[in-house]
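# Fold and geometry: a report
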Amino acid sequence: MSDTLHGHKARKRFGQNFLNDDYWIEKIASSIDPQPGERVIEIGPGQAALSRKLIARCGHITCVEIDRDLVHWLKKQFSSEQMTLIEADALKVDWQEICSAGKVRVTGNLPYNISSPLLFTLSQISDKVIDQHFMLQKEVVDRMCAEPGNKAYGRLSVMLQWKYRMFKLFDVPPEAFTPAPKVISSVVRMLPIDQPLEANEHVLERVVATGFAMRRKTLRNCFARWLQMEDLEACGISPDARAEVIPVNNWIQLANRVQALNIEIPMPGQKIL
Ligand code: SAM
């Protein structure tokens, strides 16, 4: 059997950039270092560059792949003892069901066009996850890992750091892929926090989005329509501060206060990217 699917034209709509460089594939696999008996889930196995190395280490993985042609090819490459294949959209698959047999380790060289929604989908099952290792655009990983005071600190940082400890592992150059993407990629390790602070996710999303919608405004101005200065201060937030310096825990306090006061803050007209 061939190691790659000859004649397969990389599909842009599925974010297909296949890893082609053994040095980087090995480096990613050894960062994950799956062990026999672990439940490893790979999102988007593609032409199995990473899958092969994972299977060599732990014997069996479960994969979620959307591309029917690749699923067909993967089925011929691996036995069911080596790979359980789920032909599905990772955004729509039943993750609760996938995790029903025990905690999982999730990994993947993610399709960059759906990386943020996928991260939020997975955050719903963070209590069923041991760890996540993903390759993403460097710029996205920088935002995921950014700390308060950093330019990259924003909505993605707060929403994900609420649920995970984040570790950027290393960058991967465009030449490591076929076709080469236009951007540098990075590998990130995400470790779910045992008991994340209680918050209503929808309220938190709106509060954080409102705070960051106009980054240069003080929080007093951002929230002027809904909150008193005392509300901000009660959450340890200086009304004269800007969103980019407020730690995750204070955002959560603020969301809880907004909810307790029964205040409806609408979502500003932007998506989390
Ligand atoms: N893992 C392979 C590698 O590293 O060479 C392929 C990575 S490629 C960046 C992304 C993979 O995710 C492709 O195989 C693509 O078909 C698959 N994919 C794209 N969108 C998906 C989705 N919504 N659900 C599941 N798989 C998806």
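These numbers come from a predicted model, not from an experiment. (Residues numbered from 1 in each chain as written. Predicted model: local features only at pLDDT ≥ 70, side-chain atom pairs only at ≥ 80, totals over all residues. Heavy atoms only, no water.)

### Considerations on helix α5 (residues 115–123)
Given 3.6 residues per helical turn, the α-helix brings residues three or four places apart onto the same face. The buried fraction of α5 amounts to seven of the nine residues, a majority that puts the element mostly inside the structure. Ser-115, Ser-116, Leu-118, Leu-119, Phe-120, Leu-122 and Ser-123 are the residues of α5 that are buried. (Buried < 20%, exposed > 50% of the residue type's maximum accessible area, 1.4 Å probe, protein only. Helix = DSSP H or I, 4+ residues; strand = E, 2+ residues; numbered from the N terminus.)

### Quick look at the packing of helix α1 (residues 22–32) against helix α2 (residues 49–58)
Contact geometry of α1 with α2 gives a least axis separation of 9 Å together with a crossing angle of 45°. As the angle between them shows, α1 and α2 are arranged oblique. As α1 packs across α2, the resulting crossing turns out to be right-handed. On α2, the residues touching Asp-22, Ile-25, Glu-26, Ile-28, Ala-29, Ser-30 and Ile-32 of α1 are Ala-49, Leu-50, Lys-53, Leu-54 and Arg-57. When its residues are assigned to classes, the contact of α1 with α2 shows seven nonpolar, one polar and four charged. (Axes fitted to C-alpha atoms, helices over the stretch in contact; angles between N-to-C directions. Parallel < 35°, antiparallel > 145°, perpendicular 65-115°, else oblique. Left-handed = near helix turned anticlockwise from the far one by under 90°. Contact = heavy atoms within 4.5 Å. Nonpolar A, V, L, I, M, F, W, Y, C, P; charged D, E, K, R; others polar.)

### Observations concerning the domain arrangement of the protein chain
Buried accessible area, meaning the area lost when the parts come together, often serves as the stated size of an interface. Assigned domains within the protein chain: domain 1 (12–192) and domain 2 (201–260). The distance between the C-alpha centroids of domain 1 and domain 2 comes to 32 Å. Across the contact, 14 residues belong to domain 1 and 15 residues belong to domain 2. Taken together, the two surfaces of domain 1 and domain 2 that pack against each other cover about 1,200 Å², and 69% of this comes from carbon and sulfur. When the buried surface of domain 1 facing domain 2 is broken down by residue, Tyr-153, Met-159 and Trp-162 rank first, second and third, together holding 43% of it. On inspection of domain 1 and its partner domain 2, the count reaches zero salt bridges. Scanning the region where domain 1 abuts domain 2 turns up six residue pairs in polar contact (both at pLDDT 80 or more). Among the elements that take part in the side of domain 1 that touches domain 2, helix α7 (residues 155–161) stands out by supplying four residues, more than any other. Taken together, the residues of the side of domain 1 that touches domain 2 sort by class into five nonpolar, six polar and three charged. (Domains from an automatic or database assignment. Buried area = accessible area lost by both parts, 1.4 Å probe. Salt bridge = Lys/Arg side-chain N within 4 Å of Asp/Glu carboxyl O. Polar contact = N/O pair within 3.5 Å; in protein donor to acceptor, adjacent residues only side chain to side chain.)

### Looking at empty space enclosed by the protein
It is the rolling of a water-molecule-sized probe over the atoms that shows where space remains empty. Scanning the entire structure with this criterion turns up one cavity of 30 Å³ or more. Approximately 40 Å³ is the volume attributed to the largest cavity. Those elements giving two or more residues to the lining of the largest cavity turn out to be β5 (104–109) and β6 (129–137). Per-class residue counts for the lining of the largest cavity are five nonpolar, four polar and no charged. (1 Å grid on protein atoms, 1.4 Å probe; cavity = no way out; pocket = protein on both sides within 12 Å on 5 of 7 lines; lining within 4 Å. Points joined across faces, edges and corners; volume = space filled by probe spheres on them.)

### Focus on the sheet that holds strand β7 (residues 164–172)
Judged by pairing direction, the sheet is mixed, and its seven strands sit side by side in the order β4-β3-β2-β5-β6-β9-β7 without closing on themselves. The open sheet has two edge strands, β4 (83–87) and β7, and neither has a second partner. On average, each strand axis in the sheet is tilted by 20° relative to the strand beside it, whichever way the strands run. In this sheet, β5 lies alongside strand β2 (residues 40–43) in parallel orientation, the contact comprising three bridges. Opposite Ile-41, over in β5, you have Val-106 as the bridge partner. Against the sheet, helix α3 (residues 68–77) makes contact with β3 (61–65) and β4, and its axis sits at roughly 160° relative to β4, the strand it touches most. (Pairing = 2+ DSSP bridges.)

### Some remarks on the site of the ligand
The environment of the ligand is formed by 23 residues, the closest being Leu-19, Gly-44, Glu-65, Ala-90 and Asn-109. Within the side chain of Gln-16, a nitrogen or oxygen atom sits 2.9 Å from an oxygen atom of the ligand. The side chain of Asn-109 places a nitrogen or oxygen atom 2.8 Å from an oxygen atom of the ligand. Coverage of the ligand by the protein amounts to 98% of the 600 Å² it exposes when considered alone. Taken together, the elements giving at least two residues each to the shell around the ligand come down to β1 (18–19) and β3. Broken down by class, the residue content of the shell around the ligand amounts to 13 nonpolar, six polar and four charged. (Near = heavy atom within 4 Å. Areas by Shrake-Rupley, 256 points an atom, 1.4 Å probe, with all protein chains shown as cover.)

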